[in-house]
Amino acid sequence: MQRDQQVFDLINQEQKRQEEGIELIASENFASKQVIEAMGTVLTNKYAEGLPGKRYYGGCEVVDQIEDLARERAKKLFGAGWVNVQPHSGAQANAAVMLAVLNAGDKILGFDLSHGGHLTHGSSVNFSGKLYEPSFYGVDEENGMINYDKVEETAAKEKPKLIICGASAYSREWNYERLRDIADENGALLLADISHPAGLIARGLLSDPLEYCDIVTTTTHKTLRGPRGGMIMIREDKENTIGIKTPKGDLRKMSSLLDSGVFPGTQGGPLEHVIAAKAIAFEEALSEDYLKYIIQVKKNAEVMAKAFISKGYHVISGGTDNHLMLIDLRPKSDNLTGKIAEDSLIKADITINKNMVPFDTRSPFVTSGIRVGTAAVTTRGMKENDMERIVDLIDDILMNHEDDSKIGSVKNEVNNWMNDFPLYK
Ligand code: DSN
């Protein structure tokens, strides 16, 4: 068969785009060559519905070993007692958990999407808001921090069956211990979705949700720097202490419930080529090199937040404990929207995303804020002083977003500068 040059030309264009630009989307990163290599292998040909040793297809001897390796390494990395590495994404992991532990119409309590939460934590346009009955907690307007007293109040009023913590645009540490108490007061299960800060949690730079939460979900491609995918974990003793009544009334182990939430509940055949890449990424994340990397991610984010503040931007909550920050553009300039910022920065090959800020007055298509993160630029080798230069460039564009020649000169500077930080050498 002839090589499909049309598609490979587009892939090359995308690689060039990634190499030449400054990537600040907080959920993105650059997986290693070996992680990418594993995804482009014959493992994609194999059907392996079920779990290692218990498959519905023959010929799974090799993929069983690969999936077992991924499971063992994931357990070691997070100190988990049980994991399922098959979810195709974080959204799929959350869908599997909810299918496993809830019945349709059950109440859930999650972090408000417009304050930094995630679609799969109860948004009305998502399965989680359509199949279950959601209520939400948020941040305080004065300090941008989650108000745990209000979480407690809402939980007492709503009596949710599941409380979800975790976010896609919240830069602060979570109080899992307090949430555990709130869950216990109301007989709720506690789910932490750590998709964003997973790498910082794995290497001890943020507190450990497994200590307090019944179930933990994550993606594998953000700070964890693996392939695009998801995972579900529980702590060893949760396996035995929590029995969930199935719709038929029998008591099942948490892990087997969650396994069946993934397959056959919400997915078919696992992507063994991606699971192989996850195994590689978990081993990488256990290394000293990764530890240095993730410490630098956090340092870079702290410096970047300070640099934005010193230029008159409002960083929600006044800073960051993780790899990202949410910036309200309004105090800097009334007319500057997230959409204008995203559109003008991309012209200079700086990629960010517009993002609603808490209590935003603009729509999600316009927004008053942007979200930025340091996971990807740190993979390229950038350090604290580079963060200050990035903020200078961003400020230059935002203050001159109608000036095409200014944008053009920043773009040249960005492209030349990024040559110093080669990707996939
Ligand atoms: N889209 C991801 C993010 O950007 O945070 C969450 O699913």
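Residues numbered from 1 in each chain as written. Predicted model: local features only at pLDDT ≥ 70, side-chain atom pairs only at ≥ 80, totals over all residues. Heavy atoms only, no water.

As a further point, take the overall build of the chain. Secondary structure assignment for the chain yields 16 helices and 17 strands. For 425 residues, the compact-globule formula gives about 22 Å, and the C-alpha radius of gyration of the chain, at 22 Å, lands near that figure. Summarising its shape, the C-alpha atoms of the chain cover approximately 70 × 60 × 35 Å along the three principal directions. Counting the 425 residues in the chain, one finds 55% classified as buried. Residue pairs in contact within the chain that sit at least 24 positions apart in sequence constitute 71% of those at least 6 positions apart. Counting every atom, the chain has about 18200 Å² of accessible surface; 50% of that belongs to carbon and sulfur. Across the chain, the 49 positively charged side chains and the 62 negatively charged ones have centroids separated by 2 Å. (Helix = DSSP H or I, 4+ residues; strand = E, 2+ residues; numbered from the N terminus. Rg over C-alpha atoms; globule rule 2.2 N^0.38 Å. Buried < 20%, exposed > 50% of the residue type's maximum accessible area, 1.4 Å probe, protein only. Contact = heavy atoms within 4.5 Å. Areas by Shrake-Rupley, 256 points an atom, 1.4 Å probe, with all protein chains shown as cover. Lys, Arg positive; Asp, Glu negative; His and termini not counted. Charge placed at Lys NZ, Arg CZ, Asp CG, Glu CD.)

Another point: the side chain of Asn-29. Locating Asn-29 in the fold gives a position in the loop between β1 (22–23) and α2 (33–39). Look at Asn-29 and you get buried, because its relative accessible area is 15%. Side chain to side chain, Asn-29 and Tyr-293 meet in a polar contact 2.8 Å long. Of note is the side chain of Asn-29, whose polar atom sits 2.7 Å from the side chain of Thr-379. For Asn-29, the contacting residues outside a window of four places in its chain are His-221, Lys-222, Thr-223, Arg-225, Tyr-293, Ala-375, Ala-376 and Thr-379. (Polar contact = N/O pair within 3.5 Å; in protein donor to acceptor, adjacent residues only side chain to side chain.)

The quantities given are spatial measurements derived from coordinates; they are silent on function.
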